[in-house]
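The primary structure of each chain is shown beneath.
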Amino acid sequence: MRRFLLPLGIFLVLVVFLAIGLRLNPREVPSPLIGKPVPAFKLAQLQAPAKTISPDDFKGKVWMLNVWASWCVSCREEHPVLVELAKQGGVNIVGLNYKDERSDAIRWLAQHGGDPYAPSAYDADGRVGIDFGVYGVPETFIIDKAGIIRHKHIGPVTPDALQKKILPLMKELERA
Amino acid sequence: MRKLIAALIAGLLLSLAAHAGEAQPVGDPAIEARVNKLAEDLRCLTCMGQSIADSHSDFSTDMRREIRDMLTQGKSDQDVMDFMVQRYGDFVLYKPPVKSSTWLLWGGPFVLLIVGLAVLVAKLRKRDKQIPAAELTSQEHDAAAKLLAGNDQPNETKP
Amino acid sequence: MTPELGHFALILALAVSLVQGIASLVGGIRQDPRLMSIARPATVAQAGLITIAFGCLTAAFAQDDFSVLYVAQHSNSLLPMFYKVSAVWGGHEGSMLLWVFLLALWGLAVAAFSRRLPQATVANVLGVMGLVSVGFLLFLLLTSNPFERLLPAPADGRDLNPLLQDPGMAIHPPMLYMGYVGFAVAFAFAISALISGRLDAAWARWSRPWTTVAWLFLTLGIALGSWWAYYELGWGGWWFWDPVENASFMPWLIGTALIHSLAVTEKRGSFKNWTVLLAIMAFSLSLLGTFLVRSGVLTSVHAFATDPERGVFVLAFLVLVIGASLVLYAWRAPSVGLGGRFELLSRETLLLVNNVLLAVAAAAVLLGTLYPLLLDAVSGNKISVGAPYFDAVFFPLMIPVVVLMGIGPFARWKQARLIDFWPRLAWAVIAAVVLAVVVPFVLGGFRPLVALGLLLGFWALFSSAAHILGRLKERGGDASFGQRLAAIPRATWGMVLAHVGIGVFIFGVTLVKGYETAADVKMGPGDTTTAGGYSFKFISIENVRGPNYTAARAKMEVSRDGKLLTVMEPEKRMYVVQRMPMTEAAIDSGLFRDLYVSMGEPVDDSTWIVRVQHKPLVNWIWGGCVLMALGGLLAASDRRYRLKNREATAPTTSAGATATV
């Protein structure tokens, strides 16, 4: 009798996994860069093309890299959050303008509440984005004083994510 | 008249030569072939389950460009795959890596086959012992012979 | 008004199927004639009501009724009428309605073609199908109502996904669902046998034609899907081991195992438990497929709009149906008899090895499809399992299957002897090996994988031919060739044709994978390129307007050895409503090759990146599947299964017998 229950047993195990699967998001890709040094780059700044920006500029500081673009619909959602954060001060928000037209990007910032970035790097062909493992926009990285990536937030930065995960993490990294 | 025809032919040939070119391949064919092969094994992360070879998305186009550049610089196929995995993790590979976390995946079917065949053979042996060999009595033999001999009716084949 | 009528019809159908399910099963268990007699009329009533509902939804599409949410999401006034109708099953809600519609039609078929079956069996089978229908109707009405209103109605709809605006799209889902749903009949027969405790050769015999017909529809459905992807996606691929494709392939593999296992159970009364389990598994995999495609658990190009709430419902339904059947199985299985005895080398054993191989193959596909989910659930790591894995695992398993396929028909039941095989098959083996080695050389050079594919393909063809030749010789005596040919039962022709179909399929796959060529080139007017010995000349490019799209259409002249053969016109379309670019490949189909031209991106106003492909024998892939399906049709229509005329002829036969003896 026992062995005839085997098919049922196997089936129930399968069901458990399927049930767990309903809560997971198969499209969310965790980043392999967490715990690794921030990729090196040297890009022109968005608003000041003559000047350059690189991660070395932020050695010794805790900073946030936000990947954005004027063609990105979800970025409009998170932009007010970032502008507010910039107004409050105390957080280094660096932008990575990804595969965009310089003029479009600058106009977009003006149209949507200002420039929270100090400053934005201009990644025209997206190569730096690839080094960061960017596959969708927006994405946000938190980097510590030693230049190690500590966290990646996929999708728009919500006030909730900010309060619960990002700001506490940045405070903790400040203290280190 | 002949001169006119000759001139026309010359003109035609010249214009043909000017337009009819052998179509230029997109980049070096050998490199392109390698790009396509690698692209088939890499996942498009913005698509719903397509390789970057099959997908038209921006992400895929960028990835193919990266691969092309790397191969043109002389990097190997493995270098390209390592590059992608460093940035995007194992998820970007369509051929799952052989690691401790994927032993079950790679080994499973083979193990299942061995087990399946073993179980089959074991069951058949057991079954053989459980079912008594049916012996026909001599009466049954005779009845069968009669049926077989007297059966010359057109008949559907019995199952 | 019409949508409300359709909605109401569905609610009534739910009530009727509830009655059908409960009354019939209770009647069947208790052998109560009054309750059992409800089964057929209830089935007919349910079919009628669901047909009304389906008709109402179709009418809403045909009439551009955008006040119905589903119509607004999947249609548009510019959409050609043909696609307005096929859009009925273009989205989740409509495709579920198609599911229950086809389930009702299968029920109708069972009710009609089961006059000779015992009433209790019919009642049980229709009862089970009724309960399955209850589950799906509840799912429809509670979570996926296709008749939901959208008020105020928009001026126009969002248009059908351009990828689905294709003739193949019109037939693929109905064919596929006929197969999926058809396995419910085999399932119902199995459950009926488990309930009544009468698991015998008669049950196997009744199940066989139904299972074969469901299988042949599934074969056609999968083939259509593959052909459609090839035709429509624009890059020449035809199978991607995508989770949704796998979801249809697994029931096919188990269904194939089931057809063969039913043969053993019918002929020898053996392995009844295994056959019942296969019948349960085939339908379970159909249900699992339904779950995977609609729940958001896996990503796929084919997946419907995902909604975890729906996923929960389907999962609960799955647990109920499959769980209950497996409990029933565990309860009855111990007391089932073992059937006839057979040797280790016999047709029974060979068929069972075939089953093990097919079951392991199905399990491998399931493992690969679900592994990303398993790993994520257990460790949070994400991996992708794609074509490279499935190719590596699946093809080796199929090699012994094809080898056995040639040998099996020669093996005798109960005890096979080598003398049965070798004399008849020797020439087939030798010829296959020789050709497998020689042909690659002729085509350009020896390649081991190509040779292997050719070996299997030739083996499939020659062993089938050998079987027919053997049968013809058997019936020797003074019967004419024609008479001998006609004396071979249809079921045998069916088997041979299906196995030949597999050979043809293998040839197609081998040649395409081994010898297809492609050229990715930049072309402007006057440029030429070559592929596979054909010369392609880019003539011009122009802008055209379709009913609901604009397109850049290129004109390409194709010639061979200087002779102009045809003109091909690939397009790059932009569908105006959904703003979606589509590559419309130009395909010149032939029996022995396809020429495939598709446009990539424009380089400038007159120059485009064009991909030109030569695909030898690619149509044999789907041609093989069609042959398989035809084989199934022949087998299912064998007169052994049509019991009507038996009683009429019986008295005269016995009278004839006494007269001659």
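In this convention, every chain numbers its residues from 1, walking through the sequence in written order. Numbering of ligands from 1 and lettering of chains from A proceed in the order in which they are written. pLDDT decides what is reported in this predicted model: residues at 70 or higher carry local features, side-chain atom pairs at 80 or more are listed and counted, and totals for whole chains, interfaces and linings draw on all residues regardless. Side-chain descriptors were evaluated using all non-hydrogen atoms of the structure, hydrogens and water having been removed beforehand.

Draft legend 1. View of the interface of chain B and chain C. Here, residues are in contact when the closest pair of their heavy atoms is within 4.5 Å. Residue-level contacts link 46 residues of chain B with 62 residues of chain C. The quantity reported as buried area is the accessible area (1.4 Å probe) lost by two parts once they are put together, taken as the sum for both. Taking both partners together, chain B and chain C bury about 4700 Å²; carbon and sulfur atoms supply 63% of that area. Any Lys or Arg side-chain nitrogen located within 4 Å of an Asp or Glu carboxyl oxygen qualifies as a salt bridge. The interface formed by chain B and chain C holds zero salt bridges in total. Secondary-structure elements contributing two or more residues to the side of chain B that touches chain C are strand S1 (24-25) and helix H5 (103-130) of chain B. Helix numbers and strand numbers start at the N terminus; a helix is a DSSP run of H or I with at least 4 residues, a strand a run of E with at least 2. A per-element tally of the side of chain B that touches chain C places H5(B) first, with 14 residues. For the side of chain B that touches chain C, the class distribution of residues is 22 nonpolar, 15 polar and nine charged. Alignment of S1(B) against strand S1 (residues 517-523) of chain C, held across two bridges, turns out to be antiparallel. The partner of B:Pro25 across the bridge, within S1(C), is C:Val521. Ten residue types, Ala, Val, Leu, Ile, Met, Phe, Trp, Tyr, Cys and Pro, are classed as nonpolar, four, Asp, Glu, Lys and Arg, as charged, and the remainder, Gly among them, as polar. Any two strands with at least two DSSP bridges between them are considered paired.

Draft legend 2. View of the packing of helix H6 (residues 92-112) of chain C against helix H7 (residues 119-143) of chain C. All names here are of chain C. Between H6 and H7, the least distance of the axes is 10 Å, while the angle of their chain directions is 165°. Taken as axis vectors, H6 and H7 run roughly antiparallel relative to one another. The element H6 and its partner H7 pack so that their crossing is left-handed. Of H7, the residues touching H6 (which contributes His 92, Glu 93, Met 96, Leu 97, Trp 99, Val 100, Leu 103, Trp 106, Gly 107, Val 110 and Ala 111) are Val 125, Leu 126, Met 129, Val 132, Ser 133, Phe 136, Leu 137, Phe 139 and Leu 140. Within the contact of H6 with H7, the residues separate by chemical class into 16 nonpolar, three polar and one charged. Axes, fitted as lines to C-alpha atoms, cover a helix only where it is in contact. Angles between the N-to-C directions of the axes lie from 0 to 180 degrees. Any angle between 65 and 115 degrees counts as roughly perpendicular, while under 35 counts as roughly parallel, over 145 as roughly antiparallel, and the rest as oblique. Two helices crossing with the near one rotated counterclockwise from the far one by less than a right angle form a left-handed crossing, whereas a clockwise rotation gives a right-handed crossing.

Draft legend 3. Up close: the sheet that holds strand S8 (residues 586-589) of chain C. Spatially, the five strands line up as an open sheet ordered S1(B)-S1(C)-S10(C)-S9(C)-S8(C), and their pairing is antiparallel. Both outer strands of the open sheet, S1 of chain B together with S8 of chain C, are each paired with one neighbouring strand and no more. Where strand S9 (residues 593-602) of chain C lies against strand S10 (residues 608-616) of chain C, eight bridges are found, and the strand directions are antiparallel. Opposite C:Val597, over in S10(C), you have C:Val612 as the bridge partner.

Draft legend 4. Layout of the interface of chain A and chain B. Contact with chain A, which involves 16 residues of that partner, is made by 20 residues of chain B. With both sides pooled, the region where chain A packs onto chain B buries about 1500 Å², and carbon together with sulfur makes up 49% of that total. The largest contributions to the chain A side of the interface with chain B come from A:Arg27, A:Ile130 and A:Tyr135, which together make up 37% of the buried area. Applying the counting rule to chain A against chain B returns four salt bridges. One salt bridge connects B:Asp69 with A:Arg127, and the closest N-O pair in it is separated by 2.8 Å. Whenever two N or O atoms come within 3.5 Å, that pair is a polar contact, provided that in protein one can donate a hydrogen and the other can accept it, and provided that, for residues adjacent in sequence, both atoms are side-chain atoms. Between the two partners, chain A and chain B, sit five residue pairs in polar contact (both at pLDDT 80 or more). It is helix H4 (residues 127-131) of chain A that contributes the most residues to the side of chain A that touches chain B, three residues altogether.

None of this, on its own, says anything about what the molecule does.
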